[in-house]
Amino acid sequence: MDFTELAIALLLILFLLLGSGVWIALSLVGVAIVCIAFFTGRPIGASMYSTLWTSSTSWTLTALPLFIWMGEILYRTRLSESLFRGLSPWLSWLPGRLMHTNVIGCTLFAAVSGSSAATLTTVGKMSMPELSKRGYSDFMSVGTLAGASTLGLMIPPSLTMIVYGVITNQSIPKLFIAGILPGLILAALFMGYVVAWGILKKPNIVKEPAMTMKHRLYESRLLIPVALLIITVIGSMYSGLATATEAAALGVVGALLLAAIQRSLTFSSLVESLMGAAKTSCMIALILAGASFLTLAMGFTGLPRGLAEWVGSLDLSPFMLLVALMLVYIVLGCFLDGISAVVLTMAVVTPMLNAAGIDLLWFGIFVLVMVEMAQITPPVGFNLFVMKGLTNHSLGFIAKAAAPMFLIMALMALLLIAFPGLATFLPGYMNEATM
């Protein structure tokens, strides 16, 4: 069987398992078992237990449950109310007015949660009722929330960045820092969309009461806890004082202190945050273990090397290769969540990138934009389902509202290709942190 037939056979088996409702992680393990049993002479048992154990005992992965726990703790505090009250006095003069709280709120919460779902749920519960009460368009409110919440994947700490770093053996602190500038630019593009809407549509919305500068500054005090937590987590990594795992531990301690100060840290909320973090961490860790086993199985067949050689024979320029990969990830986003798309493809994509001389650190930020697009791509866009749970709107309405944000992310991907320094500038000035 040649490489094309092998690739088609494995894809068919994978889609058959996924379509049958089998968990993603177990589907990956199933494809790996078939791959080894029928296309190689390797022992299945020995390959499986050694790979699953190795992939589950990486010290770098310790950061994953810690960052998830930090987001779970903050989700159960009064941070959302504080964000809205602290931001709203400064946004009433911009075209689009308080609609910008969706974008800025998601940007700030993304810097302390690492999860797009947690960002969407927290900021959505805060802003949707307030914006609706003030007469803002549901279409814009839903669209900006669905799109801007994906910044939880780009702005550090990002769970998907940790997964990518583990798979490709890249420095996670450097990946975190590399995502800051592109994440802020993407947030600015989202705000530009809101400004354009405010100018062109001239929405009939309630005018906010005028505030003195003293009152604005007083309300801004509510943003101080968020700012301190962001500085603690990101600053410790940028300065080289802490690894990603140590910064995650600092973040958890900071989140617990914040919850205690706000008097929202109860035994019940602590248990709920631990259980939520455990469930999410186990899901991601199981997917990573299955992906590692599938990567090993595919390596035994020589499929990744063969595909890389085939792509190399096409003499695609680096730009055309990136455009092709961009289209692949957009299609995958219609059927898989972001983390699954990354772990499924990197075994095949990495040799292609190395052959084309593309920096894997830069590609990590590029693929994150693709993953963000997947979050709002029907029919399996995860953020679409989360938004449906927050509102009474149909998935079609939510997908249509999020479509302009999808196009803005596509523009961001092209900007990264045109100006790769957007992702590599800050890591170049970063002190080395031991992992």
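To keep things clear, this report deals only with the structure shown in the data block. (Residues numbered from 1 in each chain as written. Predicted model: local features only at pLDDT ≥ 70, side-chain atom pairs only at ≥ 80, totals over all residues. Heavy atoms only, no water.)

## Examining the overall build of the chain
Scanning the chain from N- to C-terminus turns up 23 helices and 0 strands. When each of the 435 residues of the chain is scored for burial, the buried share is 53%. Contacts in the chain between residues far apart in sequence, at least 24 positions, make up 80% of those at least 6 positions apart. Put simply, the chain shows about 18,600 Å² of open surface, and 70% of that area lies on carbon and sulfur atoms. (Helix = DSSP H or I, 4+ residues; strand = E, 2+ residues; numbered from the N terminus. Buried < 20%, exposed > 50% of the residue type's maximum accessible area, 1.4 Å probe, protein only. Contact = heavy atoms within 4.5 Å. Areas by Shrake-Rupley, 256 points an atom, 1.4 Å probe, with all protein chains shown as cover.)

## Things to note about the packing of helix 3 (residues 44-56) against helix 16 (residues 267-301)
One can describe the packing of helix 3 onto helix 16 by two numbers: an axis separation of 8 Å at closest approach and a directional angle of 135 degrees. In terms of orientation, helix 3 lies oblique with respect to helix 16. You can see that helix 3 and helix 16 cross each other, and the crossing is right-handed. Contacts between helix 3 and helix 16 involve I44, S47, M48, T51, L52, S55 and S56 from the first element and A289, G290, S292, F293, L296 and F300 from the second. In terms of residue class, the contact of helix 3 with helix 16 is made up of 7 nonpolar, 6 polar and no charged. (Axes fitted to C-alpha atoms, helices over the stretch in contact; angles between N-to-C directions. Parallel < 35°, antiparallel > 145°, perpendicular 65-115°, else oblique. Left-handed = near helix turned anticlockwise from the far one by under 90°. Nonpolar A, V, L, I, M, F, W, Y, C, P; charged D, E, K, R; others polar.)

## What about the nonpolar core?
By size, the foremost hydrophobic cluster in this structure holds 133 residues, and its most contacted members are F67, F190, Y329, W362, F363, F366 and V369. With 13 residues, helix 22 (residues 395-418) is the single largest residue contributor to this core. In this structure, F363 is in contact with Y164, L322, L325, Y329, M346, V349, L353 and I358, ignoring residues within four places of it in sequence. (Core = buried A, V, L, I, M, F, W, Y, C linked by side-chain atoms within 4.5 Å.)

## Remarks on helix 2 (residues 24-39)
Here helix 2 is 16 residues long and its end C-alpha atoms lie 22 Å apart, about the 22 Å a rise of 1.5 Å per residue gives. Of all the residues in helix 2, the buried ones are A25, S27, L28, V29, V31, A32, C35 and I36. (Expected span 1.5 Å × (residues − 1).)

## Quick notes on the packing of helix 4 (residues 63-75) against helix 15 (residues 244-261)
At a minimum axis separation of 8 Å, helix 4 and helix 15 run at an interaxial angle of 20 degrees. Regarding the angle of helix 4 to helix 15, the classification is roughly parallel. In this structure, helix 4 meets helix 15 at a crossing whose hand is left-handed. Contacts from A63, L66, F67, W69, M70, I73 and L74 of helix 4 reach helix 15 at A244, T245, A247, A248, A249, G251, V252, A255, L256, L258 and A259. For the contact of helix 4 with helix 15, a count of residues per class yields 16 nonpolar, 2 polar and no charged.

## With respect to empty space enclosed by the protein
Unfilled space is identified by rolling a water-sized probe across the atoms. Applying the stated criterion to the full structure yields 3 cavities of 30 Å³ or more. The space that makes up the largest cavity amounts to roughly 50 Å³. In terms of lining, the largest cavity is formed by I73, R76, T77, A259, S264, L265, S269, L270 and S273. Sorting elements by how many residues they give to the lining of the largest cavity places helix 16 first, with 3 residues. (1 Å grid on protein atoms, 1.4 Å probe; cavity = no way out; pocket = protein on both sides within 12 Å on 5 of 7 lines; lining within 4 Å. Points joined across faces, edges and corners; volume = space filled by probe spheres on them.)

## Describing helix 16
In this model helix 16 runs 51 Å from its N-terminal to its C-terminal C-alpha over 35 residues, within 8% of the 51 Å that 1.5 Å per residue would give. Where helix 16 terminates, the next one or two residues include G302, which has phi positive at roughly 80 degrees.

## Brief notes about the side chain of S158
The topology assignment puts S158 in the loop between helix 9 (151-154) and helix 10 (159-168). The class for S158 is buried, based on a relative accessible area of 0%. Among the polar contacts made by the side chain of S158, one reaches the main-chain amide nitrogen of T160 at a distance of 3.4 Å. (Polar contact = N/O pair within 3.5 Å; in protein donor to acceptor, adjacent residues only side chain to side chain.)

## Section: a nonpolar patch on the surface
On the surface, a nonpolar cluster with roughly 380 Å² of combined accessible area is contributed by V22, W23, L26 and L286. Along the polypeptide, L26 turns up in helix 2. (Patch = residues over 30% accessible without salt bridge, like charges linked within 9 Å, V, L, I, M, F, W, Y side chains within 5 Å. Salt bridge = Lys/Arg side-chain N within 4 Å of Asp/Glu carboxyl O.)

## As for the environment of V348
Positionally, V348 belongs in helix 19 (residues 338-356). Spatially, the C-alpha atom of V348 lies 8.7 Å from that of M298, the residues being 50 residues apart in sequence.

## Observations regarding the packing of aromatic side chains
What the rule picks out here adds up to 3 aromatic pairs. Between F139 and F397, the ring centres sit 5.8 Å apart and the planes meet at 85 degrees, which makes this aromatic pair edge-to-face. Of the two residues, F139 is situated in helix 8 (residues 138-148) and F397 in helix 22; the sequence distance between them amounts to 258 residues. Judged by centre distance (5.3 Å) and plane angle (15 degrees), the rings of W362 and F366 are stacked. (Phe/Tyr/Trp six-rings, centres within 6.5 Å; stacked < 30°, edge-to-face > 60°.)

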